[in-house]
Amino acid sequence: MAEIRNIAILTGAGISAESGLRTFRAEDGLWEDYPIEEVATPQGFRRDPDLVQRFYDARRENVLAAQPNAAHAALARLDAEWAKTERGELLIVTQNIDDLHERAGASRVLHMHGEALSAWCTACDARHPWAGTLRDGPPCPACGAAALRPDIVWFGEMPYQMERIFAALARADLFVSIGTSGAVYPAAGFVQQAASHGARTLELNLERSQGSQWFDESRLGPASELVPAWVEEVLET
Ligand code: BJW
């Protein structure tokens, strides 16, 4: 195996499933109860802000009640060990809006689809840490306007920090995708981006994702088992 220096990791809802947070596209997934176009688009928010605020108020509560699992802990360990050895860069790009990577102790985490525990003021553009509800229209702590929305990237909106992500993918020797279905772009295209720059690509998932054919290797099983085993392997190289 070629020497691994730079690692880019993409995580999705599957890594938090064993922490009790629902995924989106499973038979019992979130989109079964809440149509995507109603709760995860700017048009849906304009049509029925109360429904969307209630949906994310409930998601925020679930996030606060959840605890990191063994997969989050293993990635946090890898993050810390990789920094200590100074072998190269590491970035965890998560599509998840929960803060379980951070609570497990990871520090190099980028939330490309936003964060449940953040509110964004559409009047003054300020962002605020937010643990409470938004459905009652609280004032923005910066400008006072009742214009706070969840700090979430909905369909048709630009995911956060794409330049930083593409730079990390271009430098990666190893790209690992964990617990994501590969149904949503641009994240679904990261495997091809990384491979086009020469990275080895690995997916860790309960079942094959939609883009499984693009990976050099797929390992199937629960993240709480696959991720700690893979981290152990990488740290031994
Ligand atoms: C386990 C497990 C266990 C379970 N262990 N594994 C036509 C073609 C191509 C693209 C488009 C198109 N029409 C529109 C688009 C673009 C659109 C898009 O991709 N649409 C698709 C539906 C086709 N994308 C966008 O609009 C994005 N913006 C954009 O593209 O801007 C333009 C741009 C241009 C150029 C460069 C960059 C940008 C924005 C997407 C926003 C997504 N937002 C959401 C909701 C907000 C967050 C929230 O509420 O939480 O983000 S949608 C939802 O899906 C959420 C997730 O982050 C995202 C991905 O889901 P994920 O994580 O993969 O979950 P699941 O449920 O799908 O899969 C779980 C997986 O885990 C499964 O595989 C299980 O097997 C596995 N699993 N238990 C291991 N224990």
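As the structure is a prediction and not an experimental result, all values here were calculated from the model.

Secondary structure assignment for the chain yields ten helices and nine strands. Its C-alpha radius of gyration of 18 Å places the chain within 12% of the 18 Å reference for a compact globule of 237 residues. Seen through its C-alpha atoms, the chain measures out along the principal axes to roughly 55 × 35 × 30 Å. Counting across all 237 residues of the chain, residues that qualify as buried make up 50%. For the chain, long-range pairs separated by at least 24 residues make up 64% of all intrachain contacts whose partners lie at least 6 apart in sequence. Taken as two groups, the 21 positive and 34 negative side-chain charges of the chain have centres that lie 3 Å from each other.

Below, the discussion takes up the state of the cysteines. A full pass over the atoms with the stated rule returns zero disulfides. Among the cysteines around Cys 140, which has no disulfide bond, Cys 121 carries the closest sulfur, lying 3.7 Å off. With relative accessibility at 3%, the residue Cys 140 sits in the buried group. Not part of a disulfide, Cys 143 finds its nearest cysteine sulfur in Cys 121, a span of 3.8 Å. Residue classification places Cys 143 among the partly exposed positions, given a relative accessible area of 39%.

Turning our attention to the site of the ligand. Near the ligand, the surroundings consist of 35 residues, among which Arg 25, Arg 59, Thr 180, Ser 181 and Tyr 185 are the closest. A distance of 2.8 Å separates an oxygen atom of the ligand from a polar atom in the backbone of Gly 156. Between a nitrogen atom of the ligand and a side-chain N or O atom of Asn 205, the distance comes to 3.0 Å. Surface burial for the ligand is 75%, taken as the share of its 1,500 Å² of free accessible area covered by protein chains. Only helix 1 (14-17) and helix 5 (49-65) provide two or more residues apiece to the shell around the ligand. Per-class residue counts for the shell around the ligand are 19 nonpolar, eleven polar and five charged. When residues of the shell around the ligand are assigned to domains, at least three fall in each of domain 1 (7-21 + 69-113 + 159-236) and domain 2 (22-65 + 114-152).

Here we take up helix 5. In this model helix 5 runs 24 Å from its N-terminal to its C-terminal C-alpha over 17 residues, within 8% of the 24 Å that 1.5 Å per residue would give. Buried within helix 5 are the following residues: Val 52, Gln 53, Phe 55, Tyr 56, Asp 57, Arg 59, Arg 60 and Val 63. Tucked inside the fold, the buried residues of helix 5 contact helix 2 (30-33), helix 3 (36-39), helix 4 (42-47), helix 7 (100-104), strand 4 (114-121) and strand 6 (148-152).

Right, let's talk about the domain arrangement of the chain for a bit. The domain architecture assigned to the chain consists of domain 1 (7-21 + 69-113 + 159-236) and domain 2 (22-65 + 114-152). Taking the mean C-alpha position of each, domain 1 and domain 2 sit 25 Å from one another. Counting from both sides, the interface comprises 17 residues of domain 1 and, opposite them, 17 residues of domain 2. Summed over both partners, the interface of domain 1 with domain 2 buries about 1,200 Å², with 58% contributed by carbon and sulfur atoms. Per-residue buried area on domain 1 facing domain 2 is highest for Leu 21, Ile 97 and Tyr 160; these three make up 49% of the total on that side. Across the contact surface, domain 1 and domain 2 share zero salt bridges. On inspection of domain 1 and its partner domain 2, the count reaches five residue pairs in polar contact (both at pLDDT 80 or more).

Conventions we followed
Residues numbered from 1 in each chain as written. Predicted model: local features only at pLDDT ≥ 70, side-chain atom pairs only at ≥ 80, totals over all residues. Heavy atoms only, no water. Helix = DSSP H or I, 4+ residues; strand = E, 2+ residues; numbered from the N terminus. Rg over C-alpha atoms; globule rule 2.2 N^0.38 Å. Buried < 20%, exposed > 50% of the residue type's maximum accessible area, 1.4 Å probe, protein only. Contact = heavy atoms within 4.5 Å. Lys, Arg positive; Asp, Glu negative; His and termini not counted. Charge placed at Lys NZ, Arg CZ, Asp CG, Glu CD. Disulfide = S-S within 2.5 Å. Near = heavy atom within 4 Å. Polar contact = N/O pair within 3.5 Å; in protein donor to acceptor, adjacent residues only side chain to side chain. Areas by Shrake-Rupley, 256 points an atom, 1.4 Å probe, with all protein chains shown as cover. Nonpolar A, V, L, I, M, F, W, Y, C, P; charged D, E, K, R; others polar. Domains from an automatic or database assignment. Expected span 1.5 Å × (residues − 1). Buried area = accessible area lost by both parts, 1.4 Å probe. Salt bridge = Lys/Arg side-chain N within 4 Å of Asp/Glu carboxyl O.

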